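Results of the structural survey
Each chain, written out:
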Amino acid sequence: MAALPVPLLVLALVLLSGCGGPGAAGQRRKEMVLSEKVNQLMEWASKRSVIRMNGDKFRRLVKAPPRNYSVIVMFTALQPHRQCVVCKQADEEYQILANSWRYSSAFTNKIFFAMVDFDEGSDVFQMLNMNSAPTFINFPAKGKPKRGDTYELQVRGFAAEQLARWVADRTDVHIRVIRPPNYAGPLMLGLLLAVIGGLVYLRGSNLDFLYNKTGWAFAALCFVLAMTSGQMWNHIRGPPYAQKNPHTGQVNYIHGSSQAQFVAETHIVLLFNGGVTLGMVLLHEAATSDMDVGKRKIMCIAGIGLVVLFFSWLLSVFRSKYHGYPY
């Protein structure tokens, strides 16, 4: 075989070294596409902590490779005509989480927070075979989402702190949730102290009301009813108020699992416990009061009716949550 002239050989070597072959060219294209994606997401994240996406943006920035970043996506339905109260409540907590990450000193391009509204990306819901909202899914930097990448909303609630723990578990990104200042608590405490101070000032010569056993008993009863109904659990977990079945449109106020509850469920249980308590009080008064026999009989019948009615309702709620319990 005849040797190439020296100038042609040098030119061939230069071209080969410059191009690096088809593999190197493809790698450079991937790096350029990835760089464009990250720059675009960083630009949007600098303006809004939660990036709103439609079908095209979702397919290009979340589904299509290459990608070296994770994306937490909330699939929701926030338009008023959807009447999704839970979506609005979850969105508030999601915004708190995203803002805590966006304005933290540890902020990087390793993870982004996005949102797909049904009315802006219904094709995405169809592509993922999704028929309920809100739903949180983590799309990892490598591979497809696994079972644990779908957030268990009904079990864990949608409080920003719970979402942050799930994000840390799936992405190793630890976010310290910083909530905006809430002045409702201090204002209520100040108002309560002002009322107490006003009563003491107006009735400084007569403080017998502080020794009113009925008043203290009523306050203690209200506190006990609030705690036994699950209000503290709501404060910690932040569950939705109720749930609407996307297939039938029926609204569920009682959670079907013994491991979770709705806010409406605690209100219902509080009402039922209050009814049972009122029935007991009437029975006690019927047995110990000095009223005539006719009124005491009426109070006794009313007390028995309240106890039987509300306790049976409580039992039905218990039965619906603890399936198979040996009654």
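Residues numbered from 1 in each chain as written. Predicted model: local features only at pLDDT ≥ 70, side-chain atom pairs only at ≥ 80, totals over all residues. Heavy atoms only, no water.

To be explicit about the condition: UniProt positions are given in the numbering used here, feature names are shortened, and annotations may be inferred rather than shown by experiment.
The protein is annotated in an unreviewed UniProt entry as Dolichyl-diphosphooligosaccharide--protein glycosyltransferase subunit MAGT1 of Hylia prasina. Recorded in UniProt for the protein, the comment headed Pathway (unreviewed entry) runs: "Protein modification; protein glycosylation." In the Sequence similarities (unreviewed entry) part of its UniProt record, the protein is described as follows: "Belongs to the OST3/OST6 family."

1. Considerations on the overall build of the protein
Keep this limit in mind: By definition, any uninterrupted DSSP run of H or I lasting at least four residues is a helix, any uninterrupted run of E lasting at least two residues is a strand, and each is numbered from the N terminus. Burial classes follow relative accessibility: with a 1.4 Å probe on protein chains only, a residue under 20% of its type's maximum area counts as buried, one over 50% as exposed, and anything between as partly exposed. What makes two residues a contact is simply this: any of their non-hydrogen atoms within 4.5 Å. All accessibility values rest on the Shrake-Rupley procedure with a 1.4 Å probe; residue burial counts only the protein chains present in the view.
The secondary structure content of the protein amounts to twelve helices and six strands. Taken across its 327 residues, the protein has 32% of its residues classed as buried. Taking all contacts inside the protein whose residues are at least 6 apart in sequence as the whole, residues at least 24 apart take part in 67%. When the accessible surface of the protein is totalled, it reaches about 20700 Å², and 63% of it is carbon and sulfur.

2. What to know about the packing of aromatic side chains
As a reminder of what qualifies: Side-chain rings of Phe, Tyr and Trp (the six-membered ring for Trp) are treated as a pair once their centres are within 6.5 Å; stacked means planes under 30 degrees apart, edge-to-face means over 60, and tilted covers the remaining angles. Either the NZ atom of lysine or the CZ atom of arginine qualifies as a charge over a ring when it sits within 6 Å of the ring centre and within 35 degrees of the ring normal.
Summed over all chains, the structure comprises 14 aromatic pairs. Seen from their ring centres, Phe75 and Phe139 are 6.4 Å apart, and the 65° between their planes marks the pair as edge-to-face. Here Phe139 lies in strand 4 (residues 135–139) and Phe75 lies in strand 2 (residues 70–76), a separation of 64 residues in the sequence. Taking the relative accessible area as the measure of exposure, Phe75 reaches 0% and is therefore buried. Put simply, the rings of Phe58, Phe75, Phe118, Phe125 and Phe139 touch in pairs and so form one group of aromatic residues. In this structure, Lys57 packs its charged tip against the face of Trp44, placed 4.6 Å from the ring centre. Over the aromatic face of Phe107 sits the side chain of Arg102, whose NZ or CZ is 4.9 Å from the ring centroid.

3. Section: the UniProt feature "transmembrane region" (unreviewed entry) in the protein
Taken from the UniProt record, the annotation "transmembrane region" (unreviewed entry) applies to residues 183–202, 214–233, 268–286 and 298–318. Structurally, residues 268–286 is divided into 100% helix and 0% strand, and its ends, taken at the C-alpha atoms, are 27 Å apart. As a span, residues 298–318 carries 100% helix and 0% strand, and end to end its C-alpha atoms are 30 Å apart.

4. A short note on the layout of surface pockets
Let me state the cut-off plainly: Every definition here rests on a 1 Å grid over the protein atoms only: cavities are sets of points where a 1.4 Å probe fits but cannot get out, pockets are open sets enclosed by protein on both sides within 12 Å along at least five of seven lines, and lining residues have some atom within 4 Å of a point. Grid points are joined across faces, edges and corners, and a volume is the space filled by probe spheres set on the points. Each residue is assigned to one class: nonpolar for Ala, Val, Leu, Ile, Met, Phe, Trp, Tyr, Cys and Pro, charged for Asp, Glu, Lys and Arg, and polar for all the others, Gly among them.
Reported here for the second largest pocket is a volume of approximately 330 Å³. Forming the boundary of the second largest pocket are 18 residues, of which Gln261, Glu265, Val269, Lys321 and Tyr322 lie nearest the centre. Among the secondary structure elements, those contributing two or more residues to the lining of the second largest pocket are helix 11 (263–288) and helix 12 (293–321). With six residues, helix 12 is the single largest residue contributor to the lining of the second largest pocket. Of the residues that constitute the lining of the second largest pocket, the class distribution is nine nonpolar, seven polar and two charged.

5. A few points about the sheet that holds strand 4
Our working rule: DSSP bridges decide pairing: two strands pair if at least two such bridges lie between them. The angle between two axes is taken between their N-to-C directions and runs from 0 to 180 degrees, where each axis is a line fitted to C-alpha atoms and a helix contributes only its stretch in contact.
Ordered in space as 1-3-2-4, the four strands form an open sheet in which the pairing is mixed. Edge positions in the open sheet fall to strand 1 (50–52) and strand 4, since each of these has one partner strand only. On average, each strand axis in the sheet is tilted by 30° relative to the strand beside it, whichever way the strands run. Across five bridges, the pairing between strand 2 and strand 4 is antiparallel. Paired with Ile72 across the strands is Asn138, a residue of strand 4. On top of the sheet, helix 4 (residues 85–102) reaches strand 1, strand 2, strand 3 (111–117) and strand 4; it is set at about 160° to strand 3, its chief contact. Against the sheet, helix 7 (residues 160–171) makes contact with strand 2, strand 3 and strand 4, and its axis sits at roughly 25° relative to strand 4, the strand it touches most.

6. Digging into the pattern of salt bridges
What counts, and what does not: Any Lys or Arg side-chain nitrogen located within 4 Å of an Asp or Glu carboxyl oxygen qualifies as a salt bridge.
Enumeration according to the criterion identifies ten salt bridges in this entry. Note that Arg82 is salt-bridged to Asp119, the shortest N-O span being 2.9 Å. Of this pair, Arg82 sits in the loop between strand 2 and helix 4 while Asp119 sits in the loop between strand 3 and helix 5 (122–127); the two residues are 37 residues apart in sequence, bridging distant segments of the chain. Here Arg170 and Asp149 are joined by a salt bridge, their closest N and O atoms 3.0 Å apart. Remark: Asp149 occurs in the loop between strand 4 and helix 6 (153–156) and Arg170 occurs in helix 7; sequence separation between them is 21 residues.

7. Looking at a nonpolar patch on the surface
The condition is simple: Excluding any residue in a salt bridge, patches collect residues exceeding 30% relative accessible area, merging like charges within 9 Å and nonpolar Val, Leu, Ile, Met, Phe, Trp and Tyr side chains within 5 Å.
Residues Leu189, Leu192, Leu193, Ile196 and Val200 make up a contiguous nonpolar surface patch of about 460 Å² in total accessible area. Relative to the assigned elements, Ile196 resides in helix 8 (residues 184–202).

8. A few points about the pairing of strand 4
Most of strand 4 sits inside the fold, with five of its five residues counted as buried. Alternating positions in strand 4 separate into two faces, Thr135, Ile137 and Phe139 on one and Phe136 and Asn138 on the other, with burial throughout.

9. So, the side chain of Asn273
You can see Asn273 is positioned in helix 11. If we skip the residues at most four places from it in the chain, Asn273 touches Leu225, Thr228 and Leu314.

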